[in-house]
Amino acid sequence: MDFDLPENAAAVREGVLAIAGKYDQEYWSRCDADKRWPEEVWRELVQGGWHSLAIPEEHGGAGQGLLELAVALEALAEGGAGGAASFMYLLTPAFGGLTIARHGTEEQKRAFLPRIAAGEIETCFAITEPDAGSNAMNISTQARRDGDGFVVNGQKIWISGVERADYLVLVTRTIPAAEAKPRTNGFTVLLVDIKQAVTDGTLTYRPIPKLGTNTVASSMVFLDGVRVPADHVLGEVDQGFAVLWDILNPERILAAAGGVGSGGLVLKIACDYATDRAPFGKPIGSNQGIAFPLARIKAQLELARLMTYKAAWLWDQGRPCGSEANIAKLTAADAAWQAADRAFQTHGGMAYSLEYPVARMFRDARIAKNIPVAEELVLAHIAQHELGLPRSY
């Protein structure tokens, strides 16, 4: 067994850390306060090709895999971005580039991947619905055959990045859930031209005011007769569940990488403060009540990193990774939250001040225990599939 990062992944880490090092916490806090996409950082990632790592070389990318994307995301988060890094690597590099590279037709790859690699188009992803929540099987957004394409009607919720994206990777039902046998039949994944649909008046969206991760908006999306050509199907009609799993597992793995990186960042901020702060004549970090919880979080983050890399490696090898992706997401989200909570406690009352980055990181860390899948559902999956316990839902 070799636990060294591959040479390419190590180079990715160094390259992304070099970009992250140019931007201080004041920059990220300003983006968050202004509810503004970190355009300057995104531009540097695009120019350096750090966003197109998983796009094949013949289509303008680096020809790497999910492991390299995970390392890049972790580095950006740990280098200063914190929770803001996750969406920068999920929306276009993963939902667009990674998915099309694995499941797109040759025509789709030629049409979309070079433009993603060049930074000309961006993507986002839509699966969650108000009445389905975490139960993807019960989504009701319908894609109906109409001539040489599909007409889509439905509603999605918590869709991040739609306001800036060019294409929406949309999960629909072409067979209603009640009629699908087995339940995994009848899913079709479509590439929707957002700007065309907005112009046509068939797609609208409404941002949702939210607690954190304010560098990207999350919206309600309304689909009312959206037309999608047949050549914009990813995978096969009615057989989109295979595509869906190759979106959801990388999403969980990358969310885990973001948790590891964000946890590492806020842990460092807490340790720096505990080293400098000495109200009683010695650094507060010399007290075991401060030091031991921080040390425990370090151990938790290292364990989460190992499982994240393992899950990404398995996905790159084309091997099953559902349990590993779930465990990585569960442990990384919890470690990131514990790090933010302990950093808050270490800073005392000053953590409540927006002059310090702890409050922002505390807000951003909490949602990771709920998205992209609630930890209770992750535990249910582990109980059933790893422990052999009866199905709980």
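Rules used throughout
- Residues numbered from 1 in each chain as written.
- Predicted model: local features only at pLDDT ≥ 70, side-chain atom pairs only at ≥ 80, totals over all residues.
- Heavy atoms only, no water.
- Helix = DSSP H or I, 4+ residues; strand = E, 2+ residues; numbered from the N terminus.
- Rg over C-alpha atoms; globule rule 2.2 N^0.38 Å.
- Areas by Shrake-Rupley, 256 points an atom, 1.4 Å probe, with all protein chains shown as cover.
- Domains from an automatic or database assignment.
- Contact = heavy atoms within 4.5 Å.
- Buried area = accessible area lost by both parts, 1.4 Å probe.
- Salt bridge = Lys/Arg side-chain N within 4 Å of Asp/Glu carboxyl O.
- UniProt positions renumbered as here; feature names shortened; annotations may be inferred.
- Axes fitted to C-alpha atoms, helices over the stretch in contact; angles between N-to-C directions.
- Parallel < 35°, antiparallel > 145°, perpendicular 65-115°, else oblique.
- Left-handed = near helix turned anticlockwise from the far one by under 90°.
- Nonpolar A, V, L, I, M, F, W, Y, C, P; charged D, E, K, R; others polar.
- Pairing = 2+ DSSP bridges.
- 1 Å grid on protein atoms, 1.4 Å probe; cavity = no way out; pocket = protein on both sides within 12 Å on 5 of 7 lines; lining within 4 Å.
- Points joined across faces, edges and corners; volume = space filled by probe spheres on them.

1. Overview of the overall build of the chain
Inference 1: Secondary structure summary: the chain contains twelve helices and eight strands in total.
Inference 2: Over its C-alpha atoms the chain spans a radius of gyration of 21 Å, differing by no more than 12% from the 21 Å that the globule rule assigns to 393 residues.
Inference 3: The principal-axis extents of the C-alpha atoms in the chain amount to approximately 80 × 50 × 45 Å.
Inference 4: Put simply, the chain shows about 17500 Å² of open surface, and 53% of that area lies on carbon and sulfur atoms.

2. So, the domain arrangement of the chain
How big an interface is tends to be expressed through the accessible area that disappears when the partners come together.
Inference 1: Each domain of the chain was delimited in the assignment, giving domain 1 (7-122), domain 2 (124-239) and domain 3 (241-387).
Inference 2: Taken over C-alpha atoms, the centre of domain 1 sits 23 Å from the centre of domain 2.
Inference 3: The partner domain 2 presents 19 residues to the 22 residues of domain 1 that form the contact.
Inference 4: For the pairing of domain 1 and domain 2, the buried interface totals around 1800 Å² over both sides, and the portion due to carbon and sulfur atoms is 61%.
Inference 5: Summed over the shared surface of domain 1 and domain 2, the number is two salt bridges.
Inference 6: Arg-164 is the salt-bridge partner of Glu-122, the closest N and O atoms lying 2.8 Å from each other.

3. Let's talk about the pattern of salt bridges
Inference 1: Per the counting criterion, the structure on display carries 23 salt bridges.
Inference 2: As a salt-bridge pair, Glu-44 and Lys-22 come within 2.8 Å of each other at their nearest N and O atoms. Here Glu-44, found in helix H3 (residues 39-47), pairs with Lys-22, found in the loop between helix H1 (7-20) and helix H2 (25-33); they are 22 residues apart in sequence, far enough to count as distant.

4. A short note on the UniProt feature "domain: Acyl-CoA oxidase/dehydrogenase middle" (unreviewed entry) in the chain
Inference 1: The sites that UniProt annotates as "domain: Acyl-CoA oxidase/dehydrogenase middle" (unreviewed entry) are residues 124-226.
Inference 2: Its end C-alpha atoms 16 Å apart, residues 124-226 is made of 7% helix and 47% strand.

5. Section: the packing of H2 against helix H11 (residues 358-366)
Inference 1: In the contact formed by H2 and H11, the axes pass within 10 Å of each other and the chain directions differ by 55 degrees. By the criterion of interaxial angle, the relationship of H2 to H11 is oblique. Our pair here, H2 against H11, has a crossing hand that is left-handed. Along its contact with H2, which presents Gln-25, Trp-28, Ser-29 and Asp-32, the element H11 presents Arg-360, Met-361 and Arg-363.
Inference 2: Looking at the contact of H2 with H11 residue by residue, the class counts come to two nonpolar, two polar and three charged.

6. What to know about the packing of helix H8 (residues 241-276) against helix H10 (residues 322-347)
Inference 1: Where H8 contacts H10, the two axes come as close as 8 Å, and the packing angle between them is 20 degrees. In terms of axis orientation, H8 runs roughly parallel to H10. In the packing of H8 onto H10, the handedness of the crossing is left-handed. Residues Asn-249, Arg-252, Ile-253, Ala-256, Gly-259, Val-260, Gly-263, Val-266, Ile-269, Ala-270, Tyr-273 and Ala-274 of H8 touch H10, and the partners they reach there are Gly-322, Ala-325, Asn-326, Ala-328, Lys-329, Ala-332, Ala-336, Ala-339, Ala-340, Ala-343, Thr-346 and His-347.
Inference 2: Its residues assigned to classes, the contact of H8 with H10 shows 15 nonpolar, seven polar and two charged.

7. Let's talk about the UniProt feature "domain: Acyl-CoA dehydrogenase/oxidase N-terminal" (unreviewed entry) in the chain
Inference 1: Residues given the UniProt feature "domain: Acyl-CoA dehydrogenase/oxidase N-terminal" (unreviewed entry) here are residues 8-120.
Inference 2: Counting secondary structure, residues 8-120 comes out at 70% helix and 0% strand; the distance between its end C-alpha atoms is 25 Å.

8. Quick notes on the pairing of strand E3 (residues 149-160)
Inference 1: For strand E2 (residues 142-146) and E3, the ladder comprises five bridges, and the chain directions are antiparallel. Along E3, the bridge assignment pairs Arg-144 with Val-151.
Inference 2: Between E2 and E3, which pair antiparallel one after the other, the connecting turn spans two residues, and Gly-147 there sits at a positive phi close to 65 degrees.
Inference 3: As paired strands, E3 and strand E7 (residues 218-229) are joined by ten bridges and run antiparallel to one another. Opposite Val-151, over in E7, you have Arg-227 as the bridge partner.

9. Quick notes on the layout of surface pockets
Inference 1: Approximately 490 Å³ is the volume attributed to the second largest pocket.
Inference 2: In this structure, the second largest pocket is lined by 15 residues; those nearest its centre are Asp-2, Phe-3, Leu-306, Tyr-309 and Lys-310.
Inference 3: Take the lining of the second largest pocket: its biggest share by element is seven residues, from helix H9 (residues 288-316).
Inference 4: Tallied by class, residues from the lining of the second largest pocket come to ten nonpolar, no polar and five charged.

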